[in-house]
Amino acid sequence: MRTARRLALPARTVRLRFTALYGVLFLLSGAALLVITNLVSLGSTRISEVAPGGNPPARNSTLAAAHERISLLESQLAGARESQSHQLLVGSAVALAVMALASIVLGRIIAGWVLRPLRTITAATRRISADNLHERLAVPGPADEVKDLADTIDELLERLESSFAAQRRFVANASHELRTPLATMRASLDVAVAKPEPVPPQTVALAGRLRTELDQVDRLLEGFLLLARTQHGAMSDRSTISLGRTVNAALDARAADIAARRLTVHDGDLHDDTWTQGNATLLSRMADNVIDNAIIHNDEGGWIRVAATADGTTALLVVETGGRLLEQEQVARLAQPFQRLGADRTGSGDGSGLGLSIVAAIATAHGGGLDLGARPEGGLRVAISLPLATERTGVPA
């Protein structure tokens, strides 16, 4: 009960506290003003009581008539004072109520005006992520506390941008450097197996296993390079691409793998008129990774459903597969590098753990996003959203 009551209360925001503070200050000021007004009015009433009132009685008036006249005047004066005091009290109460309402309204307006720069800073900071660290708040205005806060955040973003850039450069450089010893090891294996004298069968089997592992490391390094390239924002050669044709090309290139696993592909919703702007090589790699993921991590004799449609200003590519029930919390982590589901996914020699993370990086680099969902019936749903191209310029895929 206490938890439900706490949830029903409004959030204690800074604006709410400022509104209460300003409202109380305005209300106290109005109450003090009304008290002073009443004190001044009572003082003037007391002065009027001691002042002589009316003209002196005429000489021909009797003493009794004069007393009666004076009593009547005093009674009228007392009634007037009582009426005046009542009206003043009612007017003060009404004025106090109006001042209370005005204090709350004015307090909220002033609190909003004071906190407007902070709301601007908060909104701009939320828009900045690891993919657009080059953006800055650049808050204008005088050199006050708000300006110092914005400049401090800009300096922090600059340090983060430098750190991310150095990390991506290290990954790219390390991947390039590691390719040379890999090529040397592969060449040494080929020389050892190609000798004229008979080679023991154990050596041939060991060379085959080493080649398989070297190919896996080579694919891993290629994934690192592509991930670093897309995250670094190196986008060139943009053209208009048909998502339907790109996915069809990926399916045709993997027809043998699909047939080997006896998979059924449902591609009736692949439309050639679903266009987007981007790098043809990266978008083709994105489609290849999604189809590879659907083939490798699928049940024997399972199915794949592929759809490329346009929704308003968004081009949507959806790839669904059947399978066992998955947990959404684990599925959401698949867009991160080296995240897999279960032993059946980690045991695969064809995957490097970078497939969907590369898809997410390519989609983000093109202004889109990746949404991974666990299907209620079992299996995985991969949805890629990209900006829809309004004009078909360039060379379509």
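What you are looking at is a predicted structure, and each value in this text was computed from that prediction instead of being measured.

Parameters at a glance
- Residues numbered from 1 in each chain as written.
- Predicted model: local features only at pLDDT ≥ 70, side-chain atom pairs only at ≥ 80, totals over all residues.
- Heavy atoms only, no water.
- Helix = DSSP H or I, 4+ residues; strand = E, 2+ residues; numbered from the N terminus.
- Contact = heavy atoms within 4.5 Å.
- Areas by Shrake-Rupley, 256 points an atom, 1.4 Å probe, with all protein chains shown as cover.
- Salt bridge = Lys/Arg side-chain N within 4 Å of Asp/Glu carboxyl O.
- Buried < 20%, exposed > 50% of the residue type's maximum accessible area, 1.4 Å probe, protein only.
- Pairing = 2+ DSSP bridges.
- Axes fitted to C-alpha atoms, helices over the stretch in contact; angles between N-to-C directions.
- Left-handed = near helix turned anticlockwise from the far one by under 90°.
- Nonpolar A, V, L, I, M, F, W, Y, C, P; charged D, E, K, R; others polar.
- UniProt positions renumbered as here; feature names shortened; annotations may be inferred.
- Parallel < 35°, antiparallel > 145°, perpendicular 65-115°, else oblique.

Q: Outline the overall build of the protein, listing residues and values.
A: Check the secondary structure of the protein and you find 11 helices and 7 strands. Contacts in the protein between residues at least 24 apart in sequence constitute 75% of all its contacts with a sequence separation of at least 6. Entry remark: accessible area of the protein is about 24,800 Å², with carbon and sulfur atoms responsible for 59%.

Q: Requested: an account of the pattern of salt bridges, with residues and values cited.
A: Two side chains with opposite charge may pair up if their charged atoms get near one another. All chains considered together, the criterion is met by 9 salt bridges. Across the pair K147 and D151 runs a salt bridge whose closest N-O atoms are separated by 3.9 Å. Of this pair, K147 and D151 both sit in helix α4 (residues 145-193), 4 residues apart, which is roughly one turn of that helix. A salt bridge links R375 to E377; its shortest N-O distance comes to 3.3 Å. A residue is classified by how much of its surface remains accessible, and R375, at 14% relative accessible area, is buried. Judged by its relative accessible area of 58%, E377 is exposed. Connected via shared salt-bridge partners are R305, E320, R375, E377 and R381.

Q: I'd like a rundown of the sheet that holds strand β5 (residues 314-321), residues and numbers included.
A: What the 5 strands build is an open sheet, ordered β2-β4-β5-β7-β6; its pairing is mixed. Unpaired on one side and paired on the other, β2 (264-270) and β6 (369-374) mark the two borders of the sheet. Between one strand and the next, the sheet's axes are offset by a mean angle of 15°, whatever the strand orientation. Two strands pair when backbone bridges link them, and β5 and strand β7 (residues 380-387) are joined in this way by 8 bridges, in the antiparallel orientation. By the bridge assignment, V319 is partnered in β7 with V382. Along the sheet face, helix α8 (residues 280-296) touches β4 (303-311), β5 and β7 and points at about 170° away from the line of β7. Relative to β6, helix α11 (residues 355-365) is tilted by about 140°, and along the sheet it contacts β6 and β7.

Q: Provide a residue-level description of the packing of α8 against α11, including the pertinent values.
A: Where α8 contacts α11, the axes come no closer than 9 Å and their chain directions differ by 145°. For α8 against α11, the interelement crossing comes out left-handed. Contacts between α8 and α11 pair L282, L283, R285, M286, N289, V290 and N293 from the former with G355, L356, I358, V359 and I362 from the latter. Grouping the amino acids of the contact of α8 with α11 by side-chain chemistry returns 8 nonpolar, 3 polar and 1 charged.

Q: Provide a residue-level description of the UniProt feature "transmembrane region" (unreviewed entry) in the protein, including the pertinent values.
A: The sites that UniProt annotates as "transmembrane region" (unreviewed entry) are residues 20-40 and 88-111. Across residues 88-111, helical content stands at 100% and strand content at 0%; the span's end C-alpha atoms are separated by 33 Å.

Q: Describe the packing of helix α6 (residues 243-253) against α8, listing the residues and the values that go with them.
A: Any two packed helices are characterised by how steeply their axes cross, that is the angle between the axes, and by the distance between the axes. Between α6 and α8, whose axes approach to 9 Å, the crossing angle comes to 50°. Considering their axes alone, α6 and α8 lie oblique with respect to each other. In the crossing of α6 with α8, the sense of the turn from one axis to the other is right-handed. Contacts between α6 and α8 involve L243, T246, V247, A250 and L251 from the first element and L283, S284, M286, A287, D288 and I291 from the second. When the residues that make up the contact of α6 with α8 are grouped by side-chain class, the tally is 8 nonpolar, 2 polar and 1 charged.

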